[in-house]
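Residues per chain, in single letters:
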Amino acid sequence: MTNNSAAQDYTLVVCEKPDAARRVAEALAGTGIRPVIVEGVETFEFSKANEKFVVCSAMGHLYTISDPFKRRGVYPVFDLEWYPVDLVNKELKQTKRRIDAIRKLAAGAKRFVNACDFDVEGETIGHNVLRYACDGKEGVALRAKFSTLTKDELVSAFDEAKPRTGEGLARAGRTRHFIDFLWGVNFSRALSQALLQGGHRFRTVSVGRVQGPTLFFVVKREAEIRTFVPVPYWTVRGVFQKNEERFEAPYSVDKISRMIEAESIGKACEGQEAVVSEVKRSIFRERPPLPFNTGELQKEAFRVFGFSPSRTLHVAERLYLDALISYPRTSSQKIPSSIDYGQIIQKLGRMRDYAVYSQRLLKKELRPREGEQSDSAHPSIYPTGEYPRRRLEVWEKRLFDMIVRRFLANFADDAVRERISATITVEDHRFKLGASRTIEEGWINFYEAYANLLDTSMPELNEGDVLRVVR
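From a predicted model like this one, the values you see are computed outputs, not experimental measurements.

### Some points on the sheet that holds strand β8 (residues 142–143)
- Spatially, β2-β3-β4-β1-β7-β8-β9 is the arrangement adopted by the 7 strands of the open sheet, whose pairing is mixed. Each of the sheet's edge strands pairs with one partner strand only, and the pair in question is β2 (34–38) and β9 (162–163).
- Alignment of strand β7 (residues 109–114) against β8, held across 2 bridges, turns out to be parallel. Bridging across to β8, Asn-114 finds its partner in Arg-143.
- The strands touched by helix α1 (residues 18–28) are β1 (10–15), β3 (41–48) and β4 (51–57); relative to β3, the strand with the most contacts, the crossing angle is about 15°.

Okay, here's the thing in structure tokens:
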């Protein structure tokens, strides 16, 4: 439906992304939502408790930092201001329509709610939209804080919304944008001019607050590679036989610096008998893995699936927008009881793949394993228990499964494992052999294929066993 003159006296809700805007509208609406096109941009109208709401969205940053000078040779630059993105980057003309739509909607609104993602970037986006497109409403707008896009959490977030909740995050985000611009523009222009004055043709040399240290790291590492001098070393392994079984065992020293020394070990052991001089067995408990934060999720997805960090975050954000997982940008390793993980585990049990694990956990006291890192904005990444409302792509399904299993494993019992080591002595030389096995699976059973623990085996050896040295 198209409407260029929305009714007056409504609450205007500003979201960060269009998908999030639709999800927020659907969750809050007492009745159905009504799509309304304003200035070519889709918004959503609904009524709740005799109050009218209009939900609109940005498309990422609608405002950016720039300087008033058109000539790149001007530096140092310290006079900066926020401008609509389309004025700075002519290729982003579509952002003008979105700003015009929000500005028009703001003129008829009596109340404002910032419902952008609750982090530094989301707070910056919402703050700027309310400040510039909504004529200075950033100080009076309510702030809805949520970590998932589930109906219950969104309703609760809007019921508890308060003004000025994210002021600190907004200041941090806006300051970071200023610093990035001041650093990047001034250094880039200075280096570009230096190159020109040095007799070279003009080139734009780009350097930034992040680019500079990264480039330094790359250059330093490349210098280490180019100046690396390989140092040869030798290893020794022995082949032994007990009854009819043959097996290998490495020498107790991993690397031997001289070939003559390695050869002398081989000669000293030739034709000799070997004795199992020591066998050690120990039982230990392997605790469940910590809850996922952004970095750990990216590392684990790379190890298991080969996903790049950016791809992992992209897939996770799609799962978040579908209300399947919590907000994926967090440094927290905490699972607070306020999220009602008992209810989440119960909901997960309705999915065939997790029914058995859910039943097992709900029979015991639910106490998750947590890490030290916390995040004032969001808890660790966890599943919401919502059933997918669409068919997930294969990569989405894989990442979702890993997040669910990691969450369930956080509540499971420790795994019990056994470590066995044996020392084989030939003359004055020692060889080492080791193995480990799982006695009680505990959390490993929940995390299944993603658990990076492999059982290894070795021959049955006892202290005093005499072995033949094969070679």
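### A few points about the nonpolar core
- Counting residues in hydrophobic clusters, the biggest one holds 67 residues, and the most contacted among them are Val-13, Ile-325, Leu-399, Phe-400, Met-402, Phe-407 and Leu-408.
- Considering each element in turn, this core owes the most residues, 8 residues, to helix α13 (residues 394–410).
- The contacts of Ile-325, once residues within four sequence positions are left out, are Thr-148, Ala-316, Leu-319, Tyr-320, Ile-381, Tyr-382, Pro-383, Thr-384, Phe-400 and Ile-403.
- In this structure, Val-36, Val-54, Ile-102 and Cys-116 belong to the second largest nonpolar core, which totals 31 residues.

### A look at the pairing of strand β14 (residues 429–440)
- Of the pairings in the sheet, the one linking strand β13 (residues 415–426) to β14 comprises 11 bridges and is antiparallel in character. Its bridge partner lying in β14, Val-426 is registered against His-429.

### A closer look at the packing of aromatic side chains
- Under the defined criterion, the tally for this structure stands at 17 aromatic pairs.
- Residues Phe-240 and Phe-431 carry aromatic rings whose centres are separated by 5.3 Å and whose planes lie at 75° to one another, so their mutual orientation is edge-to-face. Residue Phe-240 is found in strand β10 (residues 237–242), and its partner Phe-431 is found in strand β14; the two are separated by 191 residues along the sequence.
- Residue classification places Phe-431 among the buried residues on the basis of a relative accessible area of 3%.
- Considering the side-chain rings of Tyr-357 and Phe-446, the 5.3 Å spacing of their centres and the 45° angle between planes classify their relative orientation as tilted. Here Tyr-357, found in helix α12 (residues 355–362), pairs with Phe-446, found in helix α14 (residues 444–447); they are 89 residues apart in sequence, far enough to count as distant.
- The buried category is assigned to Tyr-357, whose relative accessible area is 10%.
- Here a set of aromatic residues connected by ring pairs shows up, and it is made of Phe-305, Phe-307, Trp-395, Trp-443, Tyr-447 and Tyr-450.
- The cationic tip of Arg-311 hangs over the ring face of Phe-307; the distance from NZ or CZ to the ring centre is 4.7 Å.

Parameters at a glance
Residues numbered from 1 in each chain as written. Predicted model: local features only at pLDDT ≥ 70, side-chain atom pairs only at ≥ 80, totals over all residues. Heavy atoms only, no water. Pairing = 2+ DSSP bridges. Helix = DSSP H or I, 4+ residues; strand = E, 2+ residues; numbered from the N terminus. Contact = heavy atoms within 4.5 Å. Axes fitted to C-alpha atoms, helices over the stretch in contact; angles between N-to-C directions. Core = buried A, V, L, I, M, F, W, Y, C linked by side-chain atoms within 4.5 Å. Buried < 20%, exposed > 50% of the residue type's maximum accessible area, 1.4 Å probe, protein only. Phe/Tyr/Trp six-rings, centres within 6.5 Å; stacked < 30°, edge-to-face > 60°. Lys NZ or Arg CZ within 6 Å of the ring centre and 35° of its normal.

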